[in-house]
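Structural features, examined
Here's the letter readout for the chains.
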Amino acid sequence: MLLFFTLGLLIHFVFFASIFDIYFTSPLVHGMTPQFTPLPPPARRLVLFVADGLRADTLYELDENGTSRAPFIRNIIMHEGSWGVSHTRVPTESRPGHVALIAGFYEDVSAVAKGWKENPVEFDSLFNESKYTWSWGSPDILPMFAKGASGDHVYTYSYDAKREDFGAQDATKLDTWVFDNVKDFFHHARNNQSLFSKISEEKIVFFLHLLGIDTNGHAHRPSSRDYKDNIKKVDDGVKEIVSMFNHFYGNDGKTTFIFTSDHGMTDWGSHGAGHPSETLTPLVTWGAGINYPQRVSAQQFDDSFLKEWRLENWKRLDVNQADIAPLMTSLIGVPFPLNSVGILPVDYLNNTDLFKAESMFTNAVQILEQFKVKMTQKKEVTLPFLFTPFKLLSDSKQFNILRKARSYIKHRKFDEVVSLCKELIHLALKGLSYYHTYDRFFLGINVVIGFVGWISYASLLIIKSHSNLIKGVSKEVKKPSHLLPCSFVAIGILVAFFLLIQACPWTYYVYGLLPVPIWYAVLREFQVIQDLVTSLLTYPLSHFVGYLLVFTLGIEVLVLSFFYRHMLTAGLTAFAVWPFLTRLWTRAKVTSLSWAFFSVLLAVFPLMPVVGRKPDISLVMGAGLLVLLLSLCVVTSLMKRKDSFRKEELLVHLLQVLSTVLSMYVVYSTQSSLLRKQGLPLMNQIISWATLASSLVVPLLSSLAVFQRLFSILLSLMSTYLLLSTGYEAVFPLVLSCLMFVWINIEQETLQQSGVCCKQKLTSIQFSYNTDITQFRQLYLDDIRRAFFLVFFLVTAFFGTGNIASINSFDLASVYCFLTVFSPFMMGALMMWKILIPFVLVMCAFEAVQLTTQLSSKSLFLIVLVISDIMALHFFFLVKDYGSWLDIGTSISHYVIVMSMTIFLVFLNGLAQLLTTKKLRLCGKPKSHFM
């Protein structure tokens, strides 16, 4: 069985990784020839301001007094330059956003997990193509464009990473540092002949990365005064830098300025997904080669922003984020980045029609080069009779479009050139997408076959080893045939040979060969399948169809809960009614009423707003007081039973109560310190980490009695959970744990009602690692309900705490008791543990359910895996890479969450067993505990 779970874990890792190989792989190809416009550019130098985390609406809108937060930028929009909205893509994180801006292509979704500091793949960029680039800003962003750049011409100046503190000093100082260092740089250049000559060259870039707005947004939210004041500080800083550039270069009119952002931010201070507040960023351009403002009487857009911003009369020119890279390259006359998929927004250019036509032609040829390389690569590794070319852009059509475009340029039909080149670009991009996703159907089919095979095998294993379903069916023992293994070996060899001659990546071998052993294992159990069919034929058809419909309805409710959290409320309400529809109500009225009460109470949480929208520390304090009150009641109750409560256990409970009090103090003290912008106190940080470290050890000191051990686990984990809470979610584990305790009791009642076993007192049952295997029973139909309850409670444990199936639902303020200096992976790990704490509580209760109902943990766990995998298969079919970026991001999140939950279940099952069955003693030798 251990081998089965190990293999199952590996298979699920493969299924988890498959989503990125099938839908989101790196779009980069290499081997293209650099392309640049053969006409003199309008600018000698370009200054790029990137205000990290700046939303378009917050910059463009007027404040409550009717004045702009960025008067200099607004003046540019009205009198000097062109403006619009830059539409970003998922994931809306700093690294992919800057790559799109500066290199002109969109990284695959998995890039968000590859880190910020270095390039996971080599790519070309505006900086690389420039003669010199100087950049100032965050140490998380600048190095990724310097590393890998050809030659030694990209210079970076960054502050210490410790400055990126969400809790300490005013974050606007990050931007002030950038502006001050740029000024010092130019002051130094006046006295340094070598540097002066470099910055007097043409084709140079100055990049100012401004992180203060993003930091203030995370720390205080975009609606805060800090965030909005930071915009004013940036506006003032940009004004000073522009004035300095004009003065330094003698107002030569050869400098282009571009002001934009890498991504936006949600109202609750996060980003990463596809909400419009994250994908809509500002773009303001002015200077050499840029069009002056265009007054218009009316504009047609799908939104109402123009009226809200009071910019209806100034022409708004929207672009995709990757379009900014070709705009910048054409302005200073450097080659287009080789991997750019941006389309030059010619409406931004103030130049001759010939220049616009030639630039657009260059843009089309550059993207067509990528299409040709991609097609050649795919053709070389595909068997000739299997290769299907992209029919909309044949070689003859490419030649005809390019020839016609050249002819139009010769005859000065420049508008026709632009429209023809745009048509060619759109066809080339479609072709790139076609070849990029060429193997998607093949890979998807293999994964689905593997998925279905795994679910089938797990189901057969349950039926064969853990149920009585086929026990009464007569079986003839047949000698194993050699035909089956030989057939599957032959199939495996054929698949491997097919992949080998096409020079496929090693991951293709995994996806192609994985279904072979899985289905071999399924068909080896042919006798079980045959007996199962025989057994099912004896069941009344109406009963079978009824059970199937109920099971399907349960699965669909779970799937729908990922889209609509209130489906969990409906499910929990149905759970509340369940005892009253059975004989449980007559046998155990108090237990049934308790079940109904806590089910309804828990059903309220999925209706609550998402965590982070409105933080309220008073609710966290209230949750802590409830924990203390519950602890007092429980300890008093246990002390009355002197026979089972020792001083050592009392000491453990007092230690946990003290830990809860300390957690409450740390939460309150940290919040007060951050509001005063004094940072995270060191003592608070030490207490927080110590509480976290001890939370998995202290429960092991408590009694192995079911109730006492579960209560000890709750107290320890609640201390940590309080430190990670910002609002009402702090109460959730308490309500969930109360329902779990009632669940343990009610499952005892249902088992006694069915006559399977006699009821034991919960106080007399103890957890034990060495459980007598003869006490285990076979599975019954009602055990499927128990497994479904577990999955439902696990899904509720995720969504009930205010999370949504999206990257942006996680609030960084949750980790401020542990650290405030930006550390994406450490912060991510802490937020992951916050999510897992309710999972651990449910799994520990599940251990008790298995113990009290005399079920093998393996048998019930197998049913849980089957239910989870059916859900995962649902979401695999629902993943998409088209439509709105909100839909794309959500579909990815759904699959990732449900697959992560399935994988984590294996680890959580082991952790729950460790927490419930292991016993440590403060002194002396540990005693053995048996049931």
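Cut-off values and rules
Residues numbered from 1 in each chain as written. Predicted model: local features only at pLDDT ≥ 70, side-chain atom pairs only at ≥ 80, totals over all residues. Heavy atoms only, no water. UniProt positions renumbered as here; feature names shortened; annotations may be inferred. Helix = DSSP H or I, 4+ residues; strand = E, 2+ residues; numbered from the N terminus. Buried < 20%, exposed > 50% of the residue type's maximum accessible area, 1.4 Å probe, protein only. Contact = heavy atoms within 4.5 Å. Areas by Shrake-Rupley, 256 points an atom, 1.4 Å probe, with all protein chains shown as cover. Phe/Tyr/Trp six-rings, centres within 6.5 Å; stacked < 30°, edge-to-face > 60°. Lys NZ or Arg CZ within 6 Å of the ring centre and 35° of its normal. Axes fitted to C-alpha atoms, helices over the stretch in contact; angles between N-to-C directions. Parallel < 35°, antiparallel > 145°, perpendicular 65-115°, else oblique. Left-handed = near helix turned anticlockwise from the far one by under 90°. Nonpolar A, V, L, I, M, F, W, Y, C, P; charged D, E, K, R; others polar. Salt bridge = Lys/Arg side-chain N within 4 Å of Asp/Glu carboxyl O. Expected span 1.5 Å × (residues − 1). pLDDT = per-residue confidence, 0-100. Pairing = 2+ DSSP bridges. Core = buried A, V, L, I, M, F, W, Y, C linked by side-chain atoms within 4.5 Å. Patch = residues over 30% accessible without salt bridge, like charges linked within 9 Å, V, L, I, M, F, W, Y side chains within 5 Å. Polar contact = N/O pair within 3.5 Å; in protein donor to acceptor, adjacent residues only side chain to side chain.

- Going by the annotation in an unreviewed UniProt entry, the name recorded for the protein is GPI ethanolamine phosphate transferase 1, with Piliocolobus tephrosceles given as the source organism.
- The protein has a UniProt comment under Sequence similarities (unreviewed entry) that states "Belongs to the PIGG/PIGN/PIGO family. PIGN subfamily."
- Taken from UniProt, the Pathway (unreviewed entry) comment for the protein reads in full: "Glycolipid biosynthesis; glycosylphosphatidylinositol-anchor biosynthesis."

1. As for the overall build of the protein
- Tallying secondary structure elements over the protein gives 34 helices and eight strands in all.
- Per-residue burial over the protein gives 57% buried out of 931 residues.
- When contacts within the protein are restricted to residue pairs at least 6 apart in sequence, those whose partners lie at least 24 apart make up 80%.
- A total accessible area of about 39,100 Å² is found for the protein, and carbon and sulfur atoms account for 63% of it.

2. With respect to the packing of aromatic side chains
- All chains considered together, the criterion is met by 65 aromatic pairs.
- Measuring from ring centre to ring centre gives 4.8 Å for Phe 186 and Phe 245, while their planes differ by 65°; the resulting arrangement is edge-to-face. Of this pair, Phe 186 sits in helix H7 (residues 172–189) while Phe 245 sits in helix H10 (residues 225–248), placing them 59 residues apart in sequence. The same class applies to Phe 186 and to Phe 245, which are both buried.
- Over the aromatic face of Phe 789 sits the side chain of Arg 785, whose NZ or CZ is 4.9 Å from the ring centroid.

3. Digging into the packing of helix H31 (residues 781–799) against helix H33 (residues 857–878)
- One can describe the packing of H31 onto H33 by two numbers: an axis separation of 9 Å at closest approach and a directional angle of 55°. The orientation of H31 with respect to H33, classified from their angle, is oblique. Note on packing geometry: the crossing formed by H31 with H33 is right-handed. Between H31, through Asp 783, Ile 784, Arg 786, Ala 787, Phe 788, Leu 790, Val 791 and Val 795, and H33, the contact on the second element is made entirely by Leu 860, Ile 863, Val 864, Ile 867, Ser 868 and Met 871.
- A per-class count over the contact of H31 with H33 returns 11 nonpolar, one polar and two charged.

4. Quick word on the pattern of salt bridges
- If you walk through the whole model with that rule in mind, you get 22 salt bridges.
- The residue Arg 406 makes a salt bridge to Glu 358 at a minimum N-O spacing of 3.2 Å. In this pair, Arg 406 is assigned in helix H15 (residues 395–410) and Glu 358 in helix H14 (residues 353–380), connecting sequence segments 48 residues apart.
- Glu 358 sits in the buried class, given a relative accessible area of 8%.
- The salt bridge partner of Glu 747 is Arg 786, with a shortest N-O separation of 2.7 Å. Here Arg 786 lies in helix H31 and Glu 747 lies in helix H30 (residues 732–753), a separation of 39 residues in the sequence.
- By relative accessible area, Glu 747 is classed as buried at 0%.
- Residue Arg 786 is classed as buried on the basis of its relative accessible area, which comes to 1%.
- Where salt bridges share partners, they join Glu 747, Asp 782, Asp 783, Arg 785 and Arg 786 into one cluster.

5. Digging into helix H29 (residues 706–723)
- The end-to-end C-alpha separation of H29 is 27 Å, in line with the 26 Å expected for 18 residues at 1.5 Å each.
- H29 sits mainly inside the fold: 17 of its 18 residues count as buried.

6. Things to note about the packing of helix H28 (residues 682–694) against H29
- Contact geometry of H28 with H29 gives a least axis separation of 9 Å together with a crossing angle of 145°. Of the two elements, H28 crosses H29, and the hand of that crossing is left-handed. Contacts between H28 and H29 involve Ser 688, Thr 691 and Leu 692 from the first element and Ser 719, Thr 720 and Leu 723 from the second.
- Looking at the contact of H28 with H29 residue by residue, the classes come out as two nonpolar, four polar and no charged.

7. Brief notes about the confidence of the model for the protein
- With 90% of its residues at a pLDDT of 70 or more, the protein has an overall mean of 87.
- A low-confidence stretch, residues 925–931 (pLDDT under 50), is modelled with 15 contacts involving residues beyond four sequence positions or located in other chains.

8. A word on the pairing of strand E5 (residues 204–210)
- Of all seven residues in E5, seven are buried, a share of seventy percent or more.
- Residues Ile 204, Phe 206, Leu 208 and Leu 210 point to one face of E5 and Val 205, Phe 207 and His 209 to the other, with burial holding for every one of them.
- Pairing analysis gives seven bridges linking strand E1 (residues 45–51) to E5, with the strands arranged parallel. Within E5, the residue paired with Arg 45 across the bridge is Ile 204.

9. As for H33
- With 22 residues, H33 extends 32 Å from end C-alpha to end C-alpha; this agrees with the ideal 32 Å at 1.5 Å per step.
- When you tally the buried positions in H33, you get 17 out of 22 residues, the bulk of the element.

10. Here's the deal with the environment of Ile 897
- Within the element layout of this structure, Ile 897 appears in helix H34 (residues 885–917).
- Among the residues examined, Ile 897 registers a relative accessible area of 18% and is labelled buried.
- The sequence separation of Ile 897 and Phe 798 amounts to 99 residues, and the corresponding C-alpha distance is 9.5 Å.

11. Digging into the sheet that holds strand E8 (residues 319–320)
- Overall, mixed pairing links the eight strands, which are arranged E4-E3-E5-E1-E6-E7-E2-E8 in an open sheet. Each edge of the open sheet is held by one strand with a lone partner, namely strand E4 (154–158) and E8.
- By the bridge criterion, six bridges tie E1 to strand E6 (residues 255–260) in an arrangement that is parallel. In the sheet register, Arg 45 faces E6, and the bridge partner there is Thr 255.

12. Description of the side chain of Glu 847
- Within the secondary structure, Glu 847 sits in helix H32 (residues 824–852).
- The exposure class assigned to Glu 847 is buried, which follows from its relative accessible area of 8%.
- Ignoring sequence-local partners within four residues, the contact set of Glu 847 consists of Phe 767, Asn 909, Ala 912, Gln 913 and Thr 916.

13. Looking at the nonpolar core
- Membership of the largest hydrophobic core comes to 147 residues, with the highest contact counts inside it found for Trp 595, Trp 743 and Phe 793.
- Considering every element that reaches this core, the biggest residue donor is H32, with 18 residues.
- Not counting chain neighbours up to four residues away, the residues in contact with Trp 595 comprise Phe 575, Ala 576, Trp 578, Pro 579, Leu 739, Val 742, Trp 743, Ile 746, Phe 789 and Phe 793.
- If you look at the next biggest cluster of nonpolar residues, it comprises 65 residues, including Leu 344, Ala 357, Phe 361 and Ala 364.

14. Examining unusual backbone geometry
- Even without being a glycine, Arg 310 presents a positive backbone phi close to 60°.
- Looking at the secondary structure, you find Arg 310 in the loop between helix H12 (305–309) and E8.
- The backbone phi angle of Arg 412 is positive, close to 60°, even though this residue is not glycine.
- Tracing the sequence through the fold places Arg 412 in the loop between H15 and helix H16 (414–436).

15. Notes on a nonpolar patch on the surface
- A cluster of nonpolar residues, Tyr 539, Leu 541, Phe 544, Val 545, Leu 548 and Leu 549, forms a patch on the protein surface that exposes about 590 Å² of accessible area.
- Assignment of secondary structure puts Leu 549 in helix H22 (residues 541–561).
- The exposed category is assigned to Leu 549, whose relative accessible area is 58%.

16. Details of the environment of Arg 583
- Locating Arg 583 in the fold gives a position in the loop between helix H23 (566–577) and helix H24 (584–587).
- Exposure remark for Arg 583: the relative accessible area of 55% places this residue in the exposed category.
- On a C-alpha basis, the gap between Arg 583 and Glu 749 in space is 9.8 Å, while along the polypeptide they are 166 residues apart.

17. Brief notes about the side chain of Ser 138
- With respect to the helices and strands, the residue Ser 138 is situated in the loop between strand E3 (132–137) and helix H6 (143–146).
- In this structure the side chain of Ser 138 is engaged in a polar contact, spanning 2.9 Å, whose partner is the side chain of Glu 164.
- Discounting residues that sit within four places of it in the chain, Ser 138 has contacts with Pro 143, Ser 158, Tyr 159, Glu 164, His 209 and Leu 211.

18. Re the pairing of E3
- When you tally the buried positions in E3, you get six out of six residues, the bulk of the element.
- By the alternation rule, side chains of E3 split into Tyr 132, Trp 134 and Trp 136 and Thr 133, Ser 135 and Gly 137, which are all buried.
- Relative to E5, E3 runs parallel, the two being bridged by five bridges. When the sheet's bridge partners are listed, Ser 135 is paired in E5 with Phe 207.
- Direction of pairing for E3 relative to E4: parallel, over a ladder of five bridges. Paired with Ser 135 across the strands is Thr 156, a residue of E4.

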